[in-house]
Amino acid sequence: MTATVTTRPRGRGLSRKAVLPWLFLAPGLLLALVFKFLPMGKGIWLSFFKVRPFLGDKWVGLDNYTRVLTDHRFQDAVGHTLLLGIGQSLGAIVVGFALALLLEGQARSLKIVRTAVFLPVVTATAVVGELWRLMYYPTSDGLINHALGIVGIGPVPFLDDPGTALWATMAMGIWIAAPYNMVIILAGLAGVDRSLYEAAAMDGVSLWQRLRHITLPAIRPALGIVLTLAAIRGLRVFTEVYVLTGGGPAGSTEVWMTRAYTLGFTRNDIGGASAASVVLLCVTLLLTVTVNYFRKRGDVR
């Protein structure tokens, strides 16, 4: 008596395994297509036209790009964006690294403190901006000016003075971004070999030497991720500036995104706003690729 062995076709099983993940991804991909990629493509298309509602769009080629890039207010906004982005990124990395060192550990109390410190990240930026606007209130009734008044300083018009408005906005941006960086750096610190610290302590190595020769090289991948995200976030800053100052006073805090918003929704220059957004997209992609290149090059070394 011979037994017959039935073999199941492998092709069908493999195809099901290949299709199943895409079925789970389909809703998210559909949402991304409708609300992100299609509007992005439409924005790129409109950047080559003079948008005239009810009259028909007029093809202008690269005129929108030329007009935007030669606009002195846009050039000032780019400078403010770079200053604000670099300041926020470096400040948030330094503060996040310090918080990670202070709150590293497995104690339950540290977990509660880490959760409290992380709250600015999960709070709506508009709400955070409104709270900081109240703290920056330019009289002695404001929280910060009241504290400064105790030591005989103030009141300081943080958001009403062109010389201080951008720095005040930068301080709020650092406060928001630092806890996010802290979590990523904490993940990097969790992978540091503790025996290296013990050996360094036995050799009498100073705290600075331990940070320089053990901690920083070990968390280099985490720092690379933080730097990449910070660079992208710095160029796309909008809500903080819009809520705190709206780009004022006298355009001293106007950044790339607020200028594009003004062109599109205040001056009804949809083509110019689209061109400014496309330029920002290209710069962001270029910056991301550059940062990733140097990060991978550093990892190889």
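What comes next is a walk through the structure.

How each quantity is defined
Residues numbered from 1 in each chain as written. Predicted model: local features only at pLDDT ≥ 70, side-chain atom pairs only at ≥ 80, totals over all residues. Heavy atoms only, no water. Helix = DSSP H or I, 4+ residues; strand = E, 2+ residues; numbered from the N terminus. Rg over C-alpha atoms; globule rule 2.2 N^0.38 Å. Buried < 20%, exposed > 50% of the residue type's maximum accessible area, 1.4 Å probe, protein only. 1 Å grid on protein atoms, 1.4 Å probe; cavity = no way out; pocket = protein on both sides within 12 Å on 5 of 7 lines; lining within 4 Å. Points joined across faces, edges and corners; volume = space filled by probe spheres on them. Nonpolar A, V, L, I, M, F, W, Y, C, P; charged D, E, K, R; others polar. Axes fitted to C-alpha atoms, helices over the stretch in contact; angles between N-to-C directions. Parallel < 35°, antiparallel > 145°, perpendicular 65-115°, else oblique. Left-handed = near helix turned anticlockwise from the far one by under 90°. Contact = heavy atoms within 4.5 Å. Phe/Tyr/Trp six-rings, centres within 6.5 Å; stacked < 30°, edge-to-face > 60°. Core = buried A, V, L, I, M, F, W, Y, C linked by side-chain atoms within 4.5 Å. Expected span 1.5 Å × (residues − 1). Arc of directions from axis to C-beta.

Overview of the overall build of the protein chain
Then comes step 1: Secondary structure summary: the protein chain contains 14 helices and two strands in total.
Then comes step 2: Compactness check: the protein chain gives a C-alpha radius of gyration of 25 Å against a globular reference of 19 Å for 301 residues, more than 25% above the reference.
Then comes step 3: For the protein chain, the C-alpha atoms occupy an extent of roughly 95 × 70 × 35 Å along the three principal directions.
Then comes step 4: The proportion of buried residues among the 301 residues of the protein chain is 35%.

Section: empty space enclosed by the protein
Then comes step 1: According to the stated counting rule, one finds one cavity of 30 Å³ or more in the structure shown.
Then comes step 2: Size it by volume and the largest cavity reaches roughly 40 Å³.
Then comes step 3: Looking at the largest cavity, the residues that line it are Gln 88, Ser 89, Ala 92, Ala 177, Ala 230, Arg 233 and Gly 234.
Then comes step 4: Listing elements by their share of the lining of the largest cavity, those giving two or more residues are α3 (72-102) and α11 (220-235).
Then comes step 5: Partitioned by chemical class, the residues of the lining of the largest cavity number three nonpolar, three polar and one charged.

Topic: the packing of helix α9 (residues 194-202) against helix α10 (residues 207-218)
Then comes step 1: Direction vectors running N to C along α9 and α10 enclose 155 degrees, while the axes themselves pass 11 Å from each other. With respect to each other, α9 and α10 are oriented roughly antiparallel. Every pair of crossing elements has a handedness; the one defined by α9 and α10 is right-handed. Between α9 and α10, the residues in contact are Leu 196, Tyr 197 and Ala 200 and Arg 210, Ile 214 and Thr 215, respectively.
Then comes step 2: Here the contact of α9 with α10 is composed, by residue class, of four nonpolar, one polar and one charged.

Describing the packing of aromatic side chains
Then comes step 1: One pass over the full model with this rule turns up 12 aromatic pairs.
Then comes step 2: Among the aromatic side chains, those forming a connected cluster through ring pairs are Trp 45, Phe 48, Phe 49, Trp 59 and Tyr 65.

Examining the packing of helix α6 (residues 125-135) against helix α8 (residues 165-189)
Then comes step 1: For the pair α6 and α8, interaxial distance at closest approach is 11 Å and the crossing angle is 135 degrees. Viewed along their axes, α6 and α8 adopt a mutual orientation that is oblique. Where α6 crosses over α8, the two elements pack in a sense that is right-handed. Where α6 abuts α8, its residues Thr 125, Val 128, Gly 129 and Trp 132 lie against Ala 171, Met 172, Trp 175 and Ile 176.
Then comes step 2: Looking at the contact of α6 with α8 residue by residue, the class counts come to six nonpolar, two polar and no charged.

Quick word on the layout of surface pockets
Then comes step 1: Roughly 940 Å³ of internal volume is contained in the largest pocket.
Then comes step 2: As for the largest pocket, its lining consists of 24 residues, of which Arg 236, Met 257, Ser 277, Leu 280 and Leu 281 are closest to the centre.
Then comes step 3: Of all elements in the fold, only α1 (10-46), α13 (256-266) and α14 (270-300) reach the threshold of two or more residues within the lining of the largest pocket.
Then comes step 4: Of the residues forming the lining of the largest pocket, the biggest block, 10 residues, is contributed by α14.
Then comes step 5: Here the lining of the largest pocket is built from residues that sort into 16 nonpolar, six polar and two charged.

Things to note about the nonpolar core
Then comes step 1: Counting residues in hydrophobic clusters, the biggest one holds 17 residues, and the most contacted among them are Ala 100, Ile 185, Leu 189, Val 192 and Ile 219.
Then comes step 2: The set of elements that each furnish at least two residues to this core consists of α3, α8, α9, α10 and α11.
Then comes step 3: The element contributing the most residues to this core is α8, with five residues.
Then comes step 4: In contact with Ala 100, not counting residues within four places along its chain, are Met 182, Ile 185, Leu 186 and Leu 189.
Then comes step 5: Counting residues in each nonpolar core, the second largest holds 13 residues, with Tyr 65, Phe 74, Leu 263 and Leu 280 among its members.

Observations concerning α10
Then comes step 1: With 12 residues, α10 should reach 16 Å at 1.5 Å per residue; the first-to-last C-alpha distance of 15 Å fits that figure.
Then comes step 2: Considered for burial, the residues of α10 that qualify are Leu 211, Ile 214 and Thr 215. Taken down its axis, α10 places every buried residue within 125 degrees of arc, on the same side. Along α10, the residues that are exposed and aim more than 90 degrees away from the buried face are Trp 208 and His 213.
Then comes step 3: Contact partners of the buried residues in α10: α3, α8 and α9.

With respect to the environment of Gly 105
Then comes step 1: Residue placement: Gly 105 occurs in the loop between α3 and α4 (108-117).
Then comes step 2: Along the chain, Gly 105 and Ala 190 lie 85 residues apart, while their C-alpha atoms are 8.8 Å from each other.
Then comes step 3: Contact partners of Gly 105, with chain neighbours within four places excluded, come to Leu 110 and Arg 114.

None of the figures reported here should be taken as evidence of function without further support.
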